[in-house]
Amino acid sequence: MNMSQQRIIESEHNDFYKKIVAIKDGKMKKEGLILIEGEDLIDEAKKVGALQYALTYDPKFIVNDVPTTLVKQGLYRNLASYQSLPKVIGVAKFTLSKEPGDKVVYLDGVQDPGNVGTLIRTALAFHYSSVILSKDCASIFNAKTIQSTKGALFKIPVGVMDLEELKNKGYNIYLTTLDGEDEATFGKLKEPFALVLGNEGRGIRTEHLSLGQKLRINMSGIDSLNVAIAGGIFLYRFSR
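Residues numbered from 1 in each chain as written. Predicted model: local features only at pLDDT ≥ 70, side-chain atom pairs only at ≥ 80, totals over all residues. Heavy atoms only, no water.

Caption draft 1: Spatial organisation of the overall build of the protein. Each helix and strand counted, the protein has seven helices and 11 strands in total. A principal-axis box enclosing the C-alpha atoms of the protein has dimensions of 60 × 40 × 30 Å. Each charge class in the protein can be summarised by its mean position, and for the 31 positive and 28 negative side chains these summaries are 3 Å apart. (Helix = DSSP H or I, 4+ residues; strand = E, 2+ residues; numbered from the N terminus. Lys, Arg positive; Asp, Glu negative; His and termini not counted. Charge placed at Lys NZ, Arg CZ, Asp CG, Glu CD.)

What follows is the structure in structure tokens.
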């Protein structure tokens, strides 16, 4: 894809435009290409050299030092995830990591893309080494997941792996449940570790509950929290 050869897109049949749509639909995962929206994500991708190309509907928003293509506004709207049009849409390089590091946040079947993105941001904020997703999590290539990371996916490794694989590699597994040991009185997590957060409805899958130590948040008046909220509490607690 050489964007410098295509300065204005006015038809949905344009070959380059069709490739952009394929990236948006998550059909170019093997090529490691994702669509990002808005100036904040564009800036974060530029900082780490991940931004490949940019698109905009208005010449005023052309990105400096990056090949930028103008797209007819109606076609541009089809690329955007939200009703309010972003000034810029980018094509960025993103590769799934195979190196978890010693302080892993593991998401076991988390379904909501917003929760996945928020937990990636939180893991970055509290200095964890990576976020690893189970294969049935919301995809990191989902547009809402990408936007919810606010650019964190360019700064912390994100991968896909079975929890048993981490266990077999010698990781200590800590499972966040409703019936575990109170996190407030629990000591430090022993590295290397995987801190596991479960699905919004079922929690951590049953077959994983025997893999390690169970931990809980002591609550009153309610029996559960949103996984992103609970994750934020656990991640902050064990980052200290």
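Caption draft 2: Structural detail: the nonpolar core. Core analysis: the biggest nonpolar cluster contains 47 residues, and I34, I36 and L107 have the highest contact counts within it. Going through the elements one at a time, β2 (33-37), α2 (39-47), β3 (51-56), β6 (103-108), α4 (113-125), β7 (130-133), β10 (193-198) and α7 (227-237) are the ones with two or more residues in this core. With near-sequence residues (within four places) excluded, L107 lies in contact with V116, L119, V131, I132, L133, S134, C137 and L197. Grouped together as the second largest cluster of nonpolar side chains are 19 residues, I9, F16, M28 and L75 included. (Core = buried A, V, L, I, M, F, W, Y, C linked by side-chain atoms within 4.5 Å. Buried < 20%, exposed > 50% of the residue type's maximum accessible area, 1.4 Å probe, protein only. Contact = heavy atoms within 4.5 Å.)

Caption draft 3: Seen up close, the pattern of salt bridges. Here the structure, examined in full by the defined rule, presents 11 salt bridges. Between D15 and K18 there is a salt bridge, with its nearest N and O atoms 3.7 Å apart. Of this pair, D15 and K18 both sit in helix α1 (residues 15-24), three residues apart, which is roughly one turn of that helix. Where E44 meets K47, a salt bridge forms, and the shortest distance between an N and an O atom there is 3.5 Å. Of this pair, E44 and K47 both sit in helix α2, three residues apart, which is roughly one turn of that helix. You can call K47 exposed: its relative accessible area is 61%. Here the salt bridges share partners, and the residues they tie into one network are D108, D136, R202 and R205. (Salt bridge = Lys/Arg side-chain N within 4 Å of Asp/Glu carboxyl O.)

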